[in-house]
Amino acid sequence: MTLNKATRVLVTLLASLALLWTSGQAVADGQSAAATTLTYDVSGAEEFVDAVHAGAAIWNESVANVQLEPAGAGESANIEIVADDGWPRALMTSLGNGIVWFGRQAVDEGYDTTRIASHELGHILGLPDIKPGPCSSLMSGSTAGVACTNPYPNAAEASAVENAFGGALDVPAHVVLYRD
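Within any chain, residue numbers begin from 1 and follow the written order of that chain's sequence. Thresholds applied to this predicted model are a pLDDT of at least 70 for local features of residues and 80 or more for the giving and counting of side-chain atom pairs; totals over whole chains, interfaces and linings are not thresholded and use all residues. Each side-chain value is derived from all of the structure's non-hydrogen atoms; neither hydrogens nor water enter the calculation.

Where an unreviewed UniProt entry is consulted, the protein appears under the name Extracellular small neutral protease, with the organism given as Streptomyces triticirhizae. UniProt positions are given in the numbering used here, feature names are shortened, and annotations may be inferred rather than shown by experiment. What UniProt states about the protein under its Subcellular location (unreviewed entry) heading is, verbatim, "Secreted". Per UniProt, the protein has the following entry under Catalytic activity (unreviewed entry): "Hydrolyzes proteins with a preference for Tyr or Phe in the P1' position. Has no action on amino-acid p-nitroanilides."

A. Region of the structure containing the nonpolar core. In this text, buried Ala, Val, Leu, Ile, Met, Phe, Trp, Tyr and Cys residues form a nonpolar core when linked through side-chain atoms within 4.5 Å. When a residue's accessible area, from a 1.4 Å probe over protein chains only, is under 20% of the maximum for its type it is buried; when over 50% it is exposed; and in between it is partly exposed. Of all hydrophobic cores here, the largest spans 34 residues; its most connected members are Trp 59, Leu 68, Ile 79, Ile 81, Leu 125 and Val 161. Comment: elements are numbered from the N terminus, with helices defined as DSSP H or I runs of at least four residues and strands as E runs of at least two. Where this core is concerned, the elements lending two or more residues are β1 (36-44), α2 (49-62), β2 (66-70), β3 (79-84), β4 (89-94), β5 (97-103), α4 (113-124) and α5 (155-166).

B. Focus on the state of the cysteines. Two cysteine sulfurs form a disulfide in these notes if their separation is within 2.5 Å. Here the structure, examined in full by the defined rule, presents 1 disulfide. Shown here is the disulfide that connects Cys 135 with Cys 148, its sulfur atoms set 2.0 Å apart. Every disulfide takes its handedness from the sign of the S-S torsion; for Cys 135 and Cys 148 that torsion is 85 degrees, giving right-handed. In this pair, Cys 135 sits in the loop between α4 and α5 while Cys 148 sits in the loop between α4 and α5, placing the two residues 13 residues apart along the sequence.

C. Up close: the packing of aromatic side chains. Stacked, tilted and edge-to-face pairs are distinguished by plane angle, under 30 degrees for stacked and over 60 for edge-to-face with tilted covering the rest, among Phe, Tyr and Trp rings (Trp via its six-membered ring) whose centres lie within 6.5 Å. As enumerated under the stated definition, the model contains 2 aromatic pairs in all. Consider the rings of Phe 48 and Phe 102, whose centres lie 4.1 Å apart with planes at 10 degrees: the pair is stacked. Of this pair, Phe 48 sits in the loop between β1 and α2 while Phe 102 sits in strand β5, and the two are 54 residues apart along the sequence. Here Trp 87 and Tyr 111 contribute two aromatic rings whose centre-to-centre distance is 5.7 Å and whose plane-to-plane angle is 80 degrees, an arrangement assigned as edge-to-face.

D. Fine view of the side chain of His 123. In this fold, His 123 is placed in helix α4. Two N or O atoms form a polar contact when they lie within 3.5 Å of each other; inside protein one atom must be a possible hydrogen donor and the other a possible acceptor, and for residues adjacent in sequence the pair counts only when both atoms belong to side chains. Polar contacts involving the side chain of His 123 include one to the main-chain carbonyl oxygen of Leu 127, which spans 2.7 Å. One polar contact links His 123 to Asp 129, side chain to side chain, over a distance of 3.1 Å.

E. How the structure looks around empty space enclosed by the protein. Any residue with an atom within 4 Å of a point lines the site, the site being either a cavity, points on a 1 Å grid over the protein atoms alone where a 1.4 Å probe fits but cannot get out, or a pocket, an open set with protein on both sides within 12 Å along at least 5 of 7 lines. Grid points are joined across faces, edges and corners, and a volume is the space filled by probe spheres set on the points. For the coordinates displayed, the defined rule picks out 1 cavity of 30 Å³ or more. Here the largest cavity defines a volume of roughly 140 Å³. Together, 15 residues line the largest cavity, and Tyr 111, Ile 116, His 119, Gly 141 and Ser 142 are the ones closest to its centre. Element by element, the count of residues in the lining of the largest cavity is highest for α4, at 4 residues. Residues were grouped as follows: Ala, Val, Leu, Ile, Met, Phe, Trp, Tyr, Cys and Pro as nonpolar; Asp, Glu, Lys and Arg as charged; and all remaining residues, including Gly, as polar. Considered class by class, the residues forming the lining of the largest cavity number 7 nonpolar, 4 polar and 4 charged.

F. Representation of the confidence of the model for the protein. When pLDDT is averaged across the protein, the result is 83; 74% of the residues are at 70 or more. Confidence drops under a pLDDT of 50 for residues 6-32, and excluding neighbours within four residues, the segment shows 5 contacts in the predicted structure. Think of pLDDT as the predictor's per-residue confidence, scored from 0 to 100. Whether two residues are in contact is decided by their heavy atoms, any of which lying within 4.5 Å being enough. Scored below 50 in pLDDT, residues 169-175 makes 14 contacts in the model with residues more than four places away or belonging to other chains.

G. Quick look at unusual backbone geometry. Residue Pro 132 is reached from Lys 131 by a cis peptide bond, and omega for that bond is -10 degrees. Relative to the helices and strands, Pro 132 is located in the loop between α4 and α5. A positive phi angle is found at Glu 46, which is not glycine, with a value near 50 degrees.

H. Main features of α5. In a regular helix each residue adds 1.5 Å, so 12 residues correspond to 16 Å; α5 covers 16 Å between its end C-alpha atoms and thus fits that length. Buried within α5 we find Glu 157, Ala 158, Val 161, Ala 164 and Phe 165. Summarising the axial view, the buried residues of α5 lie within an arc of 125 degrees, below the 170-degree limit, and thus occupy one face. In α5, the exposed positions that point more than 90 degrees away from the buried face belong to Ala 155, Ala 156 and Gly 166. Each residue after the first adds 1.5 Å to the expected span of a helix. Directions drawn from the helix axis to the C-beta atoms are what define this arc.

I. Seen up close, the environment of Ala 77. Its location among the elements puts Ala 77 in the loop between β2 and β3. Expressed as a C-alpha distance, the spacing of Ala 77 and Leu 38, which sit 39 residues apart in the sequence, is 7.6 Å. Setting aside residues up to four positions removed in sequence, Ala 77 forms contacts with Thr 39, Tyr 40, Asp 41 and Ala 71.

Shown next, in the form of structure tokens:
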């Protein structure tokens, strides 16, 4: 049995609509479509390489819509990590892209390196500071105090990142500098 051109177009259209509907259902049911993969470059992170990897791993286990992976040697990365003697800060050039300065000043004052890494990566993932804030809020940054070592985003922070990378949140594409 052969189908005429109009029937083939109709069948193709219906199949496409069914695929879109089931894809939408998977997202609505909490199943993730393909995650966005962002790469980060630790070649300038100096003594903070392990903390950056730990912070990226925390985000990877906390969210599904975006995953952070180290860039290969010589590859261009979405996120550049640079150690310096200042205070930690991040420059988000667009959602998922930017520079993190891993400042030694906060480390010298006793702040936890994994929390710093996770917090600054949170800025690149679109999250603002929440100040003042409790230790349970990763984005409270330094206002949670030196004793706070919690490197995990809370449910609201993780949800905001999921929404940003799932297309449900309009995150500005302009440059944003966060100094913590």
